[in-house]
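# Coordinates in review
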Amino acid sequence: MQAARHVVCALSGGVDSAVAALLLKRRGYQVTGVFMKNWDLLDEHGVCAADKDCEDAYRVCQILDLPFRQVSYVKEYWNDVFSDFLNEYEKGRTPNPDIICNKHIKFSCFFRYAVDNLGADAIATGHYARTSQEDGEVFQQKHIKRPEGLFRNRFEVRNAVKLLQAADSFKDQTFFLSQVSQDALRRTIFPLGGLTKDFVKKIAAENRLHHVLQKKESMGMCFIGKRNFEHFLLQYLPSRPGQFISIEDHKVLGTHKGWFLYTLGQRANIGGLRAPWYVVEKDSAKGDVFVAPRLDHPALYRDLLRTSRVHWITEEPPAALVRDKMMECHFRFRHQMALVCRVLQGGRVPGQREDPAAGAVCLHASEGPAPSWGAHR
Ligand SMILES: Nc1ncnc2c1ncn2[C@@H]1O[C@H](COP(=O)(O)OP(=O)(O)OP(=O)(O)O)[C@@H](O)[C@H]1O
């Protein structure tokens, strides 16, 4: 008889990955649970939250009778995720550290550790996402036990694998997985891809996983916790006091501690003013932040958005984009925001060589691509 395939499941100490590990075991895989310690500084209460999460992950393995390991990527997280996060803020952009963490830590360091050190055939996480090689049936909300034979070709894939949205569109986490490599995706299983969160909680409750059920859902950036975001950032970046200026009459409305703390479109709380104002523009040289008085103010809207090099998971870059220099794509600009169909124009980024994988996104659905890179309003 063929030996069971070995799947290394990333266990965060939360309910999703605990149920992912349980489902893998039920399907006949040999499962190892691994907790990653990525951040070891104390939170706002002087507690290292990672220690409690690690204990919870260990308990999941005890309940499910799985081997448990712990790895530390504190140094890698600091160098590849947190430093990038600070650098991006310093440049006035708003990075998403969860996307970078998936790219560099979970689907790179952890993936290599699982394959090279633990001899895994595949890794698994509790993300709500699917790939084009999932065996549809087994992801339905039924307790079906599958004979091992059905999965024997699971990891011998010839065609490139696609990242697909989860069945639970509210929980779908593909936005955070948008930078993973083809190499890692080929050997990744998302056991929760076809399930709803409620169903996952039900499975946890029926399988003695009460300790993870009681935990609060992780929200926002893990290293910030409940701390005030501005205070947190100003511990790492020097403040640069500047002014809030009205875009309408250039009147000074108040002061702030750093233009880089604001994101375009963000609501700005200006001391002493009751009505909300929204960020339109930032002047990095003078440190001023220009604001508009209403969310429907025309100064807040754009026709064109420039992207840096696009990360193509399946076809790099798509042949249609190289041939036509443009293609229709569906975009999501933030997690849980609706997907919108827009035209992506490949081409030349100013100051760089011709690169069909870099692009501009025309933000009006009804119009064709914008005429040139110069136009950005
Ligand atoms: N510290 C960690 N150690 C191991 N795996 C992790 C860790 N943090 C996250 N993961 C993996 O990444 C997945 C997504 O994590 P994320 O924190 O975004 O989601 P989540 O919905 O809160 O998941 P969970 O309920 O499992 O904590 C987890 O389900 C788990 O597989």
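Here, residues in each chain are numbered from 1, in the same order as that chain's written sequence. The predicted origin of the model limits local features to residues at a pLDDT of at least 70 and limits the giving and counting of side-chain atom pairs to 80 or more, whereas totals for whole chains, interfaces and linings rest on all residues. Working from all heavy atoms in the structure, the side-chain values ignore hydrogens and water.

### A look at the overall build of the protein chain
To be explicit about the condition: Helix and strand definitions here come from DSSP, where helices need a minimum of 4 consecutive H or I residues and strands a minimum of 2 consecutive E residues; each element is numbered from the N-terminal end. Type-normalised accessible area, obtained with a 1.4 Å probe on protein chains alone, sets the label of each residue: buried when under 20%, exposed when over 50%, and partly exposed for intermediate values. Here the accessible surface of atoms and residues is derived via Shrake-Rupley with a 1.4 Å probe, and residues count as covered only by protein chains that are part of the display.
Per the secondary structure count, the protein chain includes nine helices and 16 strands. Looking at the protein chain residue by residue over its 377 residues, the buried ones come to 46%. Working note: accessible area of the protein chain is about 19900 Å², and carbon and sulfur atoms make up 51% of it.

### Some remarks on the sheet that holds strand S4 (residues 122–124)
To be explicit about the condition: DSSP-based pairing: two strands are paired if at least 2 bridges between them are found. Here, two residues are considered to be in contact whenever any of their heavy atoms come within 4.5 Å of each other. To define axes, lines are fitted to C-alpha atoms, for helices over the stretch in contact only, and angles between the resulting N-to-C directions are given on a 0 to 180 degree scale.
Reading across the sheet, the five strands line up as S3-S2-S1-S4-S7 and stay open at both edges, with parallel pairing between neighbours. Only two strands of the sheet have a single neighbouring strand rather than two, namely strand S3 (68–72) and strand S7 (188–189). Relative to S4, strand S1 (residues 6–10) runs parallel, the two sharing three bridges. The residue of S4 that forms the bridge with Val-8 is Ile-123. Contacts from helix H1 (residues 15–26) reach S1, strand S2 (30–37), S4 and S7 within the one sheet, and its direction differs from that of S1 by about 170°.

### Things to note about the domain arrangement of the protein chain
Rules: In this entry, domain limits derive from an automatic or database-based domain assignment. Buried area is understood as the total, over both parts, of accessible area removed when two parts are fitted together, assessed with a 1.4 Å probe. Just to be clear on terms, a salt bridge is a Lys or Arg side-chain nitrogen sitting within 4 Å of an Asp or Glu carboxyl oxygen.
Each assigned domain of the protein chain is listed here: domain 1 (6–214), domain 2 (239–299) and domain 3 (302–365). Between domain 1 and domain 3, the residue contacts involve 17 residues of the former and nine residues of the latter. Taking both partners together, domain 1 and domain 3 bury about 1000 Å²; carbon and sulfur atoms supply 57% of that area. Viewed at the interface, domain 3 and domain 1 are joined by one salt bridge. Among the salt bridges present, the one from Arg-332 reaches Asp-172, with a minimum N-O distance of 3.4 Å.

### A look at the packing of H1 against helix H6 (residues 197–206)
What counts here: We call two directions roughly parallel when the angle between them is under 35 degrees, roughly antiparallel when it is over 145, roughly perpendicular when it lies between 65 and 115, and oblique otherwise. If you view the pair so one helix is near and one far, a crossing is left-handed when the near helix is turned anticlockwise from the far one by less than a right angle, and right-handed when it is turned clockwise. In the scheme used here, Gly and all other residues not listed as nonpolar or charged are polar, with Ala, Val, Leu, Ile, Met, Phe, Trp, Tyr, Cys and Pro taken as nonpolar and Asp, Glu, Lys and Arg as charged.
Contact pair H1 / H6: the axes reach a minimum separation of 9 Å and the direction vectors enclose 70°. Classified by the angle their axes make, H1 and H6 are roughly perpendicular. Where H1 crosses over H6, the two elements pack in a sense that is left-handed. On the side of H1, the interface is formed by Val-15, Asp-16, Val-19, Leu-22 and Leu-23, while H6 contributes Lys-197, Val-200, Ile-203 and Ala-204. Across the contact of H1 with H6, the residue classes break down as seven nonpolar, no polar and two charged.

### Points about the side chain of Asp-172
Here is the rule we go by: Any pair of nitrogen or oxygen atoms within 3.5 Å is treated as a polar contact; in protein, a donor-acceptor pairing is required on top of that, and neighbouring residues in sequence qualify only through side-chain atoms on both sides.
For Asp-172, the position within the fold is in the loop between strand S6 (163–164) and helix H5 (182–185). Looking at Asp-172, its side chain comes within polar contact range of the side chain of Arg-332, at 3.4 Å. Ignoring anything within four residues of it in the chain, the contact list for Asp-172 reads Tyr-128, Gln-165, Ala-166, Arg-332 and His-335.

### A word on the nonpolar core
Our working rule: Only buried Ala, Val, Leu, Ile, Met, Phe, Trp, Tyr and Cys residues count toward a nonpolar core, and they belong to the same one when joined by side-chain atoms within 4.5 Å.
Ranked by internal contacts, the top residues of the largest apolar core, which has 52 residues, are Tyr-73, Phe-85, Ile-105, Phe-110, Phe-223, Phe-244 and Val-291. Broken down by secondary-structure element, the contributors of at least two residues to this core are S1, S2, helix H3 (74–90), helix H4 (97–117), H5, helix H8 (229–234), strand S11 (277–283) and strand S12 (288–292). Here this core takes 10 residues from H4, the largest share from any one element. There are two domains that each give this core at least three residues, and those are domain 1 (6–214) and domain 2 (239–299). Residues Ala-20, Phe-35, Ala-124 and Tyr-128 belong to the second largest nonpolar core, which totals 36 residues.

### Some words on the pairing of S12
Within S12, five of the five residues are buried, leaving the element largely enclosed by the surrounding structure. Side chains Asp-288, Phe-290 and Ala-292 of S12 all project onto a buried face; the interleaved residues Val-289 and Val-291 project onto the opposite face, where all are buried too. In terms of strand pairing, S11 meets S12 through five bridges, oriented antiparallel. From the neighbouring strand, Asp-283 faces S12, where its bridge partner is Asp-288. In this antiparallel pair of consecutive strands, S11 and S12, the connection spans four residues, and Gly-287 shows a positive phi of 85°.

### Some remarks on the packing of aromatic side chains
Cut-off, in case you're wondering: The rule is short: rings of Phe, Tyr and Trp, with Trp giving its six-membered ring, pair when the centres are within 6.5 Å, and they are stacked under 30 degrees, edge-to-face over 60, tilted in between.
Tallying each qualifying case throughout the model produces 17 aromatic pairs. Centroid distance Phe-85 to Tyr-89: 5.2 Å. Interplanar angle 70°. Geometry classified as edge-to-face. Pair noted here: Phe-85 and Tyr-89 are both in helix H3, with a separation of four residues, about one helical turn. Accessibility expressed as a relative area gives 1% for Phe-85, which makes it buried. Residue Tyr-89 is classed as buried on the basis of its relative accessible area of 3%.

### With respect to unusual backbone geometry
Phi at Lys-325 takes a positive value of approximately 65°, unusual for a residue other than glycine. One non-glycine residue, Gln-336, adopts positive backbone phi at about 70°. Tracing the backbone shows Gln-336 in the loop between strand S14 (326–331) and strand S15 (340–348).

### Observations regarding the pattern of salt bridges
Following the criterion strictly, the structure yields 14 salt bridges and no others. The salt bridge involving Lys-91 is made with Glu-88; its shortest N-O contact spans 3.9 Å. Ionic pairing is found between Arg-93 and Glu-88, a salt bridge with its closest N-O pair at 2.9 Å. A relative accessible area of 44% means that Arg-93 is categorised as partly exposed.

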